[in-house]
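Next come the chains, spelled out residue by residue.
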2 protein chains.
Amino acid sequence: MNNPRLALGVDFGTESARALLVRIPDGETLATSTFLYSHGVMEEALPDGTPLPEDFALQAPGDYLEALEETVREVMREAGAGPSDVVGIGIDFTACTPLPVLRDGTPLCELPEFAKEPHAWVKLWKHHGAVKEAADLNRAFREAGAKWTERYGGALNLEWIFPKMLETWRQAPRVLEKAHRFLEASDWVVWRLTGRESRGSCAAGYKGCWLGDGYPPGEQLERADPALPGLVDRLLGKEFVPPGKAAGGLLPEWAERLGLAPGTPVSAPIIDAHAAVPGCGVGEPGKMVIILGTSGCHMMLGEKEVLVPGIQGVVWEGILPGFYGYEAGQAAMGDLFAWFAKNALPAAYSAEAGKRSLPPLSLMEEKARAVSPGKTGLVVLDWWNGNRSILIDPELKGLVVGFHMGTRPEHLFRALLEGAAFGTRVILDHFQEHGLPVTEVVTTGGIAGKNTLFLQILADVTGRTIHVARTDQACALGAAVCGAAAAGEDRGGFPDVARAARALAGAPRASFHPEEGARAAYEEVFGLYMELHDHFGRGGSDLMKRIPR
Amino acid sequence: MNNPRLALGVDFGTESARALLVRIPDGETLATSTFLYSHGVMEEALPDGTPLPEDFALQAPGDYLEALEETVREVMREAGAGPSDVVGIGIDFTACTPLPVLRDGTPLCELPEFAKEPHAWVKLWKHHGAVKEAADLNRAFREAGAKWTERYGGALNLEWIFPKMLETWRQAPRVLEKAHRFLEASDWVVWRLTGRESRGSCAAGYKGCWLGDGYPPGEQLERADPALPGLVDRLLGKEFVPPGKAAGGLLPEWAERLGLAPGTPVSAPIIDAHAAVPGCGVGEPGKMVIILGTSGCHMMLGEKEVLVPGIQGVVWEGILPGFYGYEAGQAAMGDLFAWFAKNALPAAYSAEAGKRSLPPLSLMEEKARAVSPGKTGLVVLDWWNGNRSILIDPELKGLVVGFHMGTRPEHLFRALLEGAAFGTRVILDHFQEHGLPVTEVVTTGGIAGKNTLFLQILADVTGRTIHVARTDQACALGAAVCGAAAAGEDRGGFPDVARAARALAGAPRASFHPEEGARAAYEEVFGLYMELHDHFGRGGSDLMKRIPR
């Protein structure tokens, strides 16, 4: 290649890491490579066989470095790229996924004296050992009248860094006595690569209670546990860098291991879901990115801070530099359709799908298409996993009303799609009402690629154009965008993330535009949805919480 | 046989007639025989090809006599019975199923001049041509402030005799100008057999607006149509006989045709559903008979007249002589379970049922048994066909609340069974609150024989012992009971229907008793059912009626 300029993104997921090499300025993906973590997710035992309690989910930090080296060398080889072709590196990571380390960055679990201590290992995001600690923290903050929790919908999640750190302290104090830092694995990887310690403002803001101008006040922390103020002060970060800004340059020994040039800028890390924002080409306010997976994750950039009640979080530079990041969620999205496929798809339909060599849900989509918009005869509250936004109530339950003898499986299936779209509309309307207008939507994730009926329904129900991102790897591409922005224009990258995102993400693969007739039909059913939503979700009746199981 | 005493019952259903010969006094069924009507249900054309409008359902009266002769001769032959062995005859019939006849009883459709006139034939119960007439009548009676409609839940059904007669008058006036009577096919058959014209008080009371002491006043009838008072006066009956009382004795020519003795007492006819009351051995107040079919039909005898709001009808001697007859209904019973089998039984379960050679619903019953009472996590409003009692609202719809990702098909199936049982409990409680205590329940019909889990749930939910009638032919047996009672003690029958019913119906085939633990568990869920019932059914929200289709 003649003087190619490339950006490298590495996406650290739950089971594996994936590297992606993208060409500047046109966004052509030249190579991708995936590598499974050698120890995977440790839920039952440590590598030496030490058994783990229930609800534990640990990882080995060395796995990240091994996967990094393997995947980067592979994409470089595959693209035929030379060390100086890569202008910048970005990484995204699952969060909150913290570990305790020494002053020089050595993970405690790699010291022989701590090898058998579960609390010395990486606590993966889905490690759920800190139930009691989360409850203690939330009670203490509530009693202290802590206002800042409103940014997070009023309560901390047991997956976040405070509960995990407090759990470690209470269960294995000697780990945190010995540790110099307790930090996100993403920050640790960047520290390894650059030799400089800092914190990505994304995970720190969304999962680490970093409030932009400090941590919560000591007297509030003390209420939860007298040791907490000291732990926060001693173990958490003090310097923060937003994604798309360089956290440092690549150390010579890592340049050697990866086949890259020393000093290559490394962006501050970004949470994997949030990386989808630049990965979908969004670098400015007004465009919402929705990851349509088993659940739905809705992200927006904003120029001002608004305390939107009932969303998952608002964080300064939590997604990209120079903006507030807003995040909301729908607890069941793909899960709804998977539930139907497993529990409600009748034998006759299954047989028809088999005969025609169709996936069963594709057959359902075909049959549901024949039902007119808003004419299923059913209304669905999509709360199979409770409600994440705007009600933030995990105890809410799914509801279907309107059954009669003529109700067919395609009516129920389409009503589930419509219910999920109504759930999204509630979030969009809510953002809009709080001064955050949503002009367009870009989707990515499992459903976005497959269920075009759902995307059309989403367009009709929300009255917005729904784009599908060009890439299937929005997270890894988003990380590469951050790398290209961190490089800056002078070094062959981009002056800011917005421009990098627009250039590298490219045009949407498909766009679904609202159709007037369908919009009007849905408007009527959405009114019924909201009646049920408010009756069962806003205090009319708490019946859903009283159903015995 | 040495001097056997037998009772003969003939059940005229929608597609066929069935005769049953039962031994007095022990109730042993000696023979049954079924014969399909030669012309069946005419929905598209008359026998000569004359096409029929939509919603028509006609029959040929000659079919009844043919089926009567065939089935009676067959059971006599099969039982080896002689003419004088049969002490009494009873018949039950679908209703309202009227026809126009001449003074000598000749059906108008049998005259050449009327053979091509659809309105001259028998209008089967499910003939739905009188939509407008029913609306006119109900509007007129409402405007006139007619109190008597309260006995029928406030409105006439389009299947009843007034709408059908008015439809005939408006569409084909020359039919009713020529006719001497417009009467139930059941009354016509009894007239044929005995040579005496009378009306069975059961159909007259439940479907014919016979109020016990007269028809509705002329000024009310006139409001609906000026011709109506004259039609009622000229064409309907003036002499009424309750089931279990003799309407006459068998004419010699019919004795000859049937192989019976001349003069054998013939009971006044009874509606087929109502025949199940004596057929289940019930001849006294306090015991409710429920026919568990596609829908549920609940019948009770009472010593006093109570205007129970929201039931289908209260009629003096409407079921058995000497009592008020009360009838209520659940619009979806077996229909609910059939809906599930057709629309919601997943392929994996269907495959398992096939492998184990089980009917799919038997497999569902087995799996649902493993779920604890009241612990499905779901609450179901069983309104798949609307609500017949107590709300009398056909526009209500089914509802399921409580879905989560762990909701399995067996949870939904069991919740449907529980919802149907809650629906029954509402009716029982309602009777009780209006001074009609229900001490025991006897069931018959399709579900009663098959779904023992549902019967146990019904016992636990209602707190009553649920018996299953010994016979599978409760209607035909009930007709035979009426025949035995009509014979009277002197002629080898019984002194009254209660004693005939107890003797001939025998002990229940099975009995399900309430279990304390389950009762308590259901009590909790029933409370939730009633919250939903009242919210959606009693004015809290009319959302169910606004769901577009």
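**Topic: the overall build of chain A**
In step 1: Helices and strands together make up the secondary structure of chain A, namely 19 helices and 22 strands.
In step 2: The C-alpha atoms of chain A give 24 Å as radius of gyration, which agrees with the globular expectation for 549 residues (24 Å, within 12%).
In step 3: In terms of overall dimensions, chain A has a C-alpha envelope of 70 × 60 × 45 Å along the principal axes.
In step 4: A total of 549 residues make up chain A; the buried ones form 63% of that total.

**Considerations on unusual backbone geometry**
In step 1: A cis amide bond links S389 of chain A to the next residue, I390 of chain A, at an omega of 5 degrees.
In step 2: Mapped onto the elements of the fold, I390 of chain A is located in the loop between β18 (379-381) and β19 (398-403).
In step 3: P25 of chain B follows I24 of chain B through a cis peptide bond whose omega is 10 degrees.
In step 4: The topology assignment puts P25 of chain B in the loop between β2 (16-24) and β3 (29-36).
In step 5: One non-glycine residue, E317 of chain A, lies in positive phi territory at about 55 degrees.
In step 6: A positive phi angle, near 60 degrees, is found at C209 of chain B, a position not held by glycine.
In step 7: Following the sequence through the fold, C209 of chain B ends up in the loop between α6 (201-207) and α7 (218-224).
In step 8: Accessibility expressed as a relative area gives 1% for C209 of chain B, which makes it buried.

**What to know about the relation of the copies chain B and chain A**
In step 1: Between chain B and chain A, the superposition needs a rotation of 180 degrees and an axial shift of 0.1 Å, giving an RMSD of 0.1 Å. Both chain copies can therefore be described as sitting about a two-fold axis.
In step 2: Looking at chain B, 100% of its interface residues are interface residues in chain A too, so the copies touch through the same face.

**Some details on the packing of aromatic side chains**
All names here are of chain A.
In step 1: Enumeration over the complete set of coordinates arrives at 44 aromatic pairs over all chains.
In step 2: Residues W210 and Y215 carry aromatic rings whose centres are separated by 5.2 Å and whose planes lie at 70 degrees to one another, so their mutual orientation is edge-to-face.
In step 3: Ring geometry for Y326 against F431: centres 6.4 Å apart, planes inclined by 75 degrees, an arrangement best described as edge-to-face. Highlighted residues: Y326 in strand β17 (residues 324-330) and F431 in helix α14 (residues 409-433), separated in sequence by 105 residues. Accessibility classification places Y326 together with F431 in one group, the buried group.
In step 4: Following the ring pairs from residue to residue traces out a cluster consisting of F12, Y37, Y64 and F93.
In step 5: Its end group placed over the ring of W254, R257 keeps NZ or CZ at 4.0 Å from the ring centre.

**Some remarks on the sheet that holds β19 of chain A**
In step 1: Spatially, 4 strands are ordered β18(A)-β19(A)-β19(B)-β18(B) in an open sheet, and the strand pairing comes out antiparallel. In the strand order of this sheet, the two ends are held by β18 of chain A together with β18 (379-381) of chain B, each with one partner. Mean inter-strand twist for the sheet, computed between neighbouring axes without regard to direction, equals 10 degrees.
In step 2: As defined by bridge partners, β19 of chain A adjoins strand β19 (residues 398-403) of chain B across 5 bridges and the pair is classed as antiparallel. Within β19 of chain B, the residue paired with V401 of chain A across the bridge is L399 of chain B.

**Some details on the pairing of strand β5 (residues 86-93) of chain A**
Residues and elements named next belong to chain A.
In step 1: Most of β5 is tucked away: 8 of the 8 residues are buried.
In step 2: In this sheet, β5 lies alongside strand β1 (residues 5-12) in parallel orientation, the contact comprising 7 bridges. By the bridge assignment, G9 is partnered in β5 with G90.
In step 3: Pairing of β5 with strand β13 (residues 270-271), which is carried by 2 bridges, proceeds in the parallel orientation. Bridge pairing in β13 places D92 opposite I270.

**Considerations on the sheet that holds strand β16 (residues 313-316) of chain B**
Residues and elements named next belong to chain B.
In step 1: Strands sit in the order β16-β17-β15-β14-β20-β21-β22 across an open sheet of 7 strands; the sheet is mixed. Single-partner strands in this sheet number two, and they are β16 and β22 (510-512). Pairwise comparison of adjacent strand axes, ignoring direction, gives a mean angle of 20 degrees for this sheet.
In step 2: On the sheet, helix α14 (residues 409-433) packs against β14 (287-292), β15 (296-302), β17 (324-330) and β20 (440-444) and is oriented at approximately 155 degrees with respect to β17.

**Re the confidence of the model for chain A**
In step 1: Chain-level statistics for chain A give a pLDDT mean of 96 and a share of 100% at 70 or above.
In step 2: Across the whole predicted complex the pTM is 0.92, and at the interface the ipTM reaches 0.92.

**Side note on the pairing of strand β6 (residues 98-101) of chain B**
Residue and element names in this part refer to chain B.
In step 1: Side-chain alternation along β6 places P98 and P100 on one buried face and L99 and V101 on a second face that is also buried.
In step 2: Relative to strand β8 (residues 181-184), β6 runs antiparallel, the two being bridged by 4 bridges. By the bridge assignment, P98 is partnered in β8 with E184.

**Notes on the state of the cysteines**
In step 1: Within the structure shown, the criterion is met by 0 disulfides over all chains.
In step 2: Free of any disulfide, C109 of chain A has its nearest cysteine sulfur in C96 of chain A, 16 Å distant.
In step 3: C297 of chain B forms no disulfide, and the closest cysteine sulfur to it belongs to C475 of chain B, at a distance of 9.4 Å.

**Quick notes on the environment of P508 of chain B**
Residue and element names in this part refer to chain B.
In step 1: Inspection of the secondary structure puts P508 in the loop between α18 (497-505) and β22.
In step 2: Note on P508: relative accessible area 41%, which makes it partly exposed.
In step 3: For P508 and G281, which are 227 residues apart along the polypeptide, the C-alpha to C-alpha distance reads 8.8 Å.
In step 4: Those residues in contact with P508 that sit more than four places away from it in its chain are H467, V468 and R470.

Conventions we followed
Residues numbered from 1 in each chain as written. Chains lettered and ligands numbered in written order. Predicted model: local features only at pLDDT ≥ 70, side-chain atom pairs only at ≥ 80, totals over all residues. Heavy atoms only, no water. Helix = DSSP H or I, 4+ residues; strand = E, 2+ residues; numbered from the N terminus. Rg over C-alpha atoms; globule rule 2.2 N^0.38 Å. Buried < 20%, exposed > 50% of the residue type's maximum accessible area, 1.4 Å probe, protein only. Least-squares fit on C-alpha atoms with pLDDT ≥ 70 in both. Contact = heavy atoms within 4.5 Å. Phe/Tyr/Trp six-rings, centres within 6.5 Å; stacked < 30°, edge-to-face > 60°. Lys NZ or Arg CZ within 6 Å of the ring centre and 35° of its normal. Pairing = 2+ DSSP bridges. Axes fitted to C-alpha atoms, helices over the stretch in contact; angles between N-to-C directions. pLDDT = per-residue confidence, 0-100. Disulfide = S-S within 2.5 Å.

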